[in-house]
Amino acid sequence: MKSRVLTYGLLLACFLTCTIPDFGQGNLHLRNGNKAYEKNDYKKASDEYEKALKDKSTTLKAKFNMGDAYYRQGDYDQAIDQYKSALSLTKDKVLSAHAYHNIGNSYLAQKKYNESVQSYKDALRADCKDDDTRYNLAYAEAKDKQQKQDKDKNKQNQQQQQKQQPQQAQPQQQQQDINKQNAQRILDALDNDEKNNRKPPVAAGNKQIEKNW
């Protein structure tokens, strides 16, 4: 799978910096964040982008690039939040396609294949000529299909095991019933023996007491 998170993040920052006058603390923090990002210091980069958010002129760039920094740190939920925030700040179709593409990558990294498929489709709606997104979409669809098949297979196995459990318990129950029957027969036999061997009771008589006085 091709990943374009790094390329999109830094190119976006460069593009917007060229169209917006480079002044204010926001752009300073943005540049510092980009430098840290290029050095793979993504924690410092995200901290600098956070500071850049205080300047409204750099909010879009900071949010998008912060998404990249979080992605590189493996914090995919935070990355998705930042990309979505960036989407809410722009109507540019190319930039929107880039954001949706990176959201798709973030979901893909979490094995949330269905969500990644939807995000790549959103990216293609914004830019239908994006071949890299088209490639990622095909990959995500294949993984999503496999994941669903695995879930169905596991479900069928569980159902099969549940069906087999009563069948295994049945002989056990039959054995218990047989044991009870044997026990009852033994008790009945003992009872019969006791009846057969029992002596009739001696009739009570009036005995004379002999006195030795």
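What you see is a predicted model, and the numbers here were worked out from it, not measured in a lab. (Residues numbered from 1 in each chain as written. Predicted model: local features only at pLDDT ≥ 70, side-chain atom pairs only at ≥ 80, totals over all residues. Heavy atoms only, no water.)

Visitor: Could you give an account of the overall build of the protein chain, naming the residues involved and the relevant values?
Guide: When helices and strands are counted, the protein chain shows eight helices and zero strands. N-terminal to C-terminal, the α/β element order of the protein chain is α-α-α-α-α-α-α-α. Every one of the 213 residues in the protein chain was classed for burial, and the buried ones make up 32%. Nonlocal contacts in the protein chain, meaning residues at least 24 apart in sequence, comprise 57% of its contacts between residues at least 6 apart. Of the roughly 14,700 Å² of accessible surface on the protein chain, 48% is carried by carbon and sulfur atoms. (Helix = DSSP H or I, 4+ residues; strand = E, 2+ residues; numbered from the N terminus. Buried < 20%, exposed > 50% of the residue type's maximum accessible area, 1.4 Å probe, protein only. Contact = heavy atoms within 4.5 Å. Areas by Shrake-Rupley, 256 points an atom, 1.4 Å probe, with all protein chains shown as cover.)

Visitor: Describe the environment of aspartate 75, naming the residues involved and giving the relevant values.
Guide: Here aspartate 75 shows up in the loop between helix H4 (59-72) and helix H5 (76-87). Along the primary structure aspartate 75 and serine 106 are separated by 31 residues, whereas in three dimensions their C-alpha atoms are 8.8 Å apart.

Visitor: Summarise the packing of aromatic side chains; cite the residues concerned and give the values.
Guide: Counted under the stated rule, the structure contains three aromatic pairs. A ring pair is formed by phenylalanine 64 and tyrosine 83, whose centres lie 5.5 Å apart and whose planes are at 65 degrees; its orientation type is edge-to-face. Note that phenylalanine 64 is positioned in helix H4 and tyrosine 83 in helix H5, a separation of 19 residues in sequence. Here phenylalanine 64 matches tyrosine 83 in class, with each residue buried. Considering the side-chain rings of tyrosine 71 and tyrosine 76, the 5.4 Å spacing of their centres and the 70 degrees angle between planes classify their relative orientation as edge-to-face. (Phe/Tyr/Trp six-rings, centres within 6.5 Å; stacked < 30°, edge-to-face > 60°.)

Visitor: So what's going on with the nonpolar core? Which residues, and what values?
Guide: Counting residues in each nonpolar core, the largest one holds 22 residues, and the members touching the most others are Tyr37, Ala45, Tyr49, Tyr83 and Ile103. Among the elements that make up this core, the one with the highest residue count is H4 (seven residues). Contacts of isoleucine 103, omitting those with residues within four sequence positions, involve Ile80, Tyr83, Lys84, Leu87 and Ser119. (Core = buried A, V, L, I, M, F, W, Y, C linked by side-chain atoms within 4.5 Å.)

Visitor: I'd like to hear about the environment of aspartate 132, residue by residue, with values.
Guide: Tracing the chain through its elements places aspartate 132 in helix H8 (residues 131-197). Spatially, the C-alpha atom of aspartate 132 lies 9.0 Å from that of histidine 101, the residues being 31 residues apart in sequence.

Visitor: Report on H5, specifying residues and quantitative values.
Guide: Look at H5: 16 Å from first C-alpha to last across 12 residues, which is about the 16 Å you get at 1.5 Å a residue. Along H5, the positions that sit buried rather than exposed are Ala79, Ile80, Gln82, Tyr83, Ala86 and Leu87. All buried residues of H5 lie within an arc of 165 degrees about the axis, which places them on one face of the element. (Expected span 1.5 Å × (residues − 1). Arc of directions from axis to C-beta.)

Visitor: So what about the pattern of salt bridges? Which residues, and what values?
Guide: Counting across every chain of the model gives four salt bridges. Across the pair aspartate 47 and lysine 43 runs a salt bridge, and its minimum N-O distance is 3.0 Å. With a gap of four residues between them, aspartate 47 and lysine 43 both fall in helix H3 (residues 42-52), about one helical turn apart. Accessibility expressed as a relative area gives 34% for aspartate 47, which makes it partly exposed. For the salt bridge of aspartate 122 with arginine 125, the shortest nitrogen-to-oxygen distance reads 2.5 Å. Of the two residues, aspartate 122 and arginine 125 are both situated in helix H7 (residues 113-126); the distance of three residues between them amounts to about one turn of the helix. (Salt bridge = Lys/Arg side-chain N within 4 Å of Asp/Glu carboxyl O.)

Visitor: Account for the confidence of the model for the protein chain, naming residues and giving values.
Guide: When pLDDT is averaged along the protein chain, the result is 78, and 69% of the positions lie at 70 or above. A low-confidence stretch, residues 2-23 stays under pLDDT 50, and its non-local contacts, those more than four residues away or across chains, total 49 contacts. Low confidence marks residues 198-213, where pLDDT is under 50. Its contacts with residues over four positions away, or in another chain, come to zero contacts. (pLDDT = per-residue confidence, 0-100.)

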